[in-house]
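Working through the structure, step by step
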Amino acid sequence: MSGSLHTTADMASGEAGPSDKPKHTNRLINEKSPYLLQHAHNPVDWYPWGEEAIARAKAENKLIFLSVGYSTCHWCHVMEKESFENEQVADIMNENFINIKVDREERPDIDKLYMTFILLINGSGGWPMSVWLTPDLAPVTGGTYFPPKDRWGMPGFTTILLKLKNKWITDGEDLASTGKSIIDAIQRNVEEKHQEEAERVFTPEEKYRQAVTIYKRNFDPVWGGSLGAPKFPEVSKLNLIFHAHLQDPSTKILGVVLNTLEKMAAGGIYDHVFGGFARYSVDKKWHVPHFEKMLYDQGQLLMAYANGYKTTRKPLYLEVADSIYRYISKDLQHPAGGFYSGEDADSLPTWESTDKIEGAFYAWTFAEVRDLLKANLDKFGDIGKVDPVEVFTEHYDIQETGNVEPSSDPHGHLLGKNIPIVYGSVRETADKFETTAEVVGKILKVGNELLHEVRDKRPRPHLDTKIICAWNGLILSGLSQLSCIKDAPNRDNYLKSCSKLVSFIRENLYDVQARKLLRSCYGDESDQAKSLETPIYGFIDDYAFLIKGLIDYYRASLDTGALSWAKELQEIQDELFWDHKHGAYFYSEANSANVVVRLKEDHDGAEPCGNSVSAHNLIMLGDYFETAAFREKANKLFSYFSNVTPFGYVLPEMMSAMLLQENGRDMLVVVGNRSQSLTPTGPDGPEATALVDAVRDFYMPGLLIVQLDPSLPDHSLGGKTLKSFKMMNEAPTAYMCHNKVCQLPVTEPEKLADDLVNSYVFDYAEYEN
């Protein structure tokens, strides 16, 4: 069920009617990035990042103004409206600077380099990012959002432009020297990081214990997540907590992640009406979100809620994960199978409005909800004497005066509005209205369907139709992990979406001739994805995330072709990004045009870093293909980052990989003919399928699955051959192994599952608040 493009006039800012010719058009009109196209009708003489702009800066000896953002960025829109659409400001920019606009999602290498500079000089960063560079691309000053005039104690954008113009004329050599020294310092930091001496290097066990202590200390016992506000999902940390719990359930750290998943699913950051999660909440209760919905969050949260269900069997986690799938399939999926980058926070309040505001698409007045539900009482069926309006509004805290606190709404956009949030539970609501949980569940389901139908008639937020390889890799991982759950309501559809996505990536995001991944392709109103004439090849994240997605997809489908492609991509990644001198992976390729420093990412943030994910991939592929080179690189990664502290807090994904390295992996070996299909949908081998389902239905980080086919006597995988593993009584047979030590063979799925339940399933009631 693929969604159509949001064909609104917001593909360029300052939208004109179809018969009106824009007053200004600049070079960005020829780009495919939705963010660049949004600025195509600014009076600013924008260039895309590239040799033309840089050569002009050198020829005219002008500073470069570099503006970096993305199309769903609220403050990027604000700065555009205030400054970049202002003709007087544009005149100053055009006369004195060479102005370059970059989509941070399209060119994360440029974004990360200059964000490193912004963090060094300011201590914090964000978008829009505004940086002034010498013609040699050395940064001299910068910041994030600047108001048009001096205010709030901040220098205005015009003030900075004029000061820098004069400084460059009177003291350009000093600025250039300062910029060069900054670049040299960043380069030295990359080269010398591995040489840093810590007071002492913690063992993996000590790193693990330290991580458990920090997560417990920083955990909000009331609302989940980290203490304070704003609150972000921080999924890499949640995934590590699941893994850490398995290491030692007595720490009770599972409560940290379960409470976080509960409170996020109850909060306004979660779209109760239809599904999916917003980027973050501005308050500590997860109530009022920053309303943009990003693909990378959906992919990672699919994994987290799938892990939650596998670990506890609590239905809520599976329901939330399924609703994420529903959302991305309807609103973010390209017809050919790839997924778009995300949706904006801002939208028009009504079709007659001219100005977008944040949250307009998602907020409700009490009267809107009341009148809609009253007009459709017949849709609720037999619910007894309860009033569905009272039940619905009570459960979601929908109030006549609105439920948004003023401190969470500084611009007054949500005055008198409600963002649905659940402070209790379905059972508590049922008890209050003296009815059953089933009746309440029915009222909530029908009510949200009615709200969704109405909401879909509102002006939609802008859709960024860029299809990013890395983020689609995260979706592939999330959906693959979800499709391993036997009880998942749309399991066959998850796996079909995965298969379609793998085909899409092969066709649209892999350059066969160059043997390289592409960073992105682009959707439009056709069924075909479009690519850039001059390709932007993939970065470390694109390889690492996709490889992990393929490994996870293999576990769900046992498609050995996917596993083989993962190995091939890992070898390409090693060729393009590995630092043979010091170890670890660079973010970008060697000799990338106009990239003055090759960075190495050393922390997991909103997305895990490529080095962390690669550590996991190298271990898994090293086991599957018995490849010593992969295992050696994993060890070098751990060594290179060993002095990062606190390790498990800064690099949680790498900490998880280190736990796999230290404690070994689980392997399921199934002996059975390949005609006895092991995929969830396979009709020909229900016995073999059931054996695999009995194991992949649990959260087992690092689980390897190997099928050995007696009809192919030379077949092997993971170092396993038919010499050691036989079918029992001519029936498909399973062997569970850990660290190359295997248990007795099993032919009954129920016994296989029973053997695992006590070690891998936990009563959530023991851990939740």
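Every chain is numbered on its own, with residues counted from 1 as its sequence reads. Owing to the predicted nature of the model, reporting of local features is limited to residues with pLDDT of at least 70; listing and counting of side-chain atom pairs is limited to 80 or more, with chain, interface and lining totals taken over all residues. By convention in this description, side-chain values take in all heavy atoms of the structure and omit both hydrogens and water.

Looking at an unreviewed UniProt entry, one finds the protein chain named Spermatogenesis-associated protein 20-like TRX domain-containing protein, with Aedes aegypti as its source organism.

Before going further, it helps to examine the sheet that holds strand 5 (residues 139–143). The strand order across the open sheet built from five strands is 1-3-2-4-5, with neighbouring strands paired in mixed fashion. Strands with a single pairing partner mark the edges of an open sheet, and in this sheet they are strand 1 (46–48) and strand 5. Across the sheet, the mean angle separating the axes of adjacent strands is 25° when strand polarity is ignored. Note: two strands are recorded as paired if DSSP finds a minimum of 2 bridges between them. In this text, helices come from DSSP runs of H or I with a minimum length of four residues, and strands from runs of E with a minimum of two, each type numbered from the N-terminal end. As paired strands, strand 1 and strand 3 (residues 97–103) are joined by three bridges and run parallel to one another. Pairing of W46 across the sheet is with N99, part of strand 3. This element, helix 4 (residues 87–96), spans strand 1, strand 2 (63–69) and strand 3 of the sheet and lies at about 105° to strand 3. Across the sheet, helix 5 (residues 108–122) touches strand 2, strand 4 (129–133) and strand 5, and the angle it forms with strand 5 is around 80°. To get an axis, fit a line to the C-alpha atoms, keeping to the stretch in contact for a helix; angles then go from 0 to 180 degrees between the N-to-C directions. Contacts are assigned to residue pairs with any non-hydrogen atoms lying within 4.5 Å of each other.

With that out of the way, let us pick up helix 7 (residues 204–218). Along its 15 residues, helix 7 runs 21 Å from first to last C-alpha, staying within 8% of the 21 Å computed at 1.5 Å per residue. Looking at helix 7, one finds that the buried residues are K207, Y208, A211, V212, I214 and Y215. Elements in contact with the buried residues of helix 7: helix 8 (235–247), helix 9 (254–266), helix 22 (647–650) and helix 23 (652–663). Expected helix span is taken as 1.5 Å per residue step, with the number of steps being one fewer than the number of residues. Partly exposed describes any residue whose relative accessible area lies between the buried limit of under 20% and the exposed limit of over 50%, with all areas from a 1.4 Å probe on protein chains only and scaled to the type maximum.

One frequent convention defines the size of an interface as the accessible area lost when the parts assemble. These domain boundaries are the output of an automatic or database domain assignment. Segmenting the protein chain into domains produces domain 1 (28–193), domain 2 (362–457), domain 3 (539–663) and domain 4 (665–768). Between domain 3 and domain 4, the C-alpha centre-to-centre distance is 27 Å. Every contact between the two is made by 16 residues of domain 3 and, on the other side, 19 residues of domain 4. Defined in terms of a 1.4 Å probe, buried area is the accessible area two parts forfeit on being brought together, summed over both. Carbon and sulfur atoms supply 54% of the area buried between domain 3 and domain 4, which totals about 1500 Å² over both sides. Salt bridges are counted wherever a side-chain nitrogen of Lys or Arg sits within 4 Å of a carboxyl oxygen of Asp or Glu. Along the contact surface separating domain 3 from domain 4 lie one salt bridge. Across the salt bridge formed by D623 and R665, the nearest N and O atoms sit 2.8 Å from each other. In protein, a polar contact requires one atom able to donate a hydrogen and another able to accept it; more generally it is a pair of N or O atoms within 3.5 Å, and residues adjacent in sequence count only if both atoms are side-chain atoms. On inspection of domain 3 and its partner domain 4, the count reaches eight residue pairs in polar contact (both at pLDDT 80 or more). If one sorts the elements of the side of domain 3 that touches domain 4 by residue count, helix 20 (residues 610–625) sits on top with five residues.

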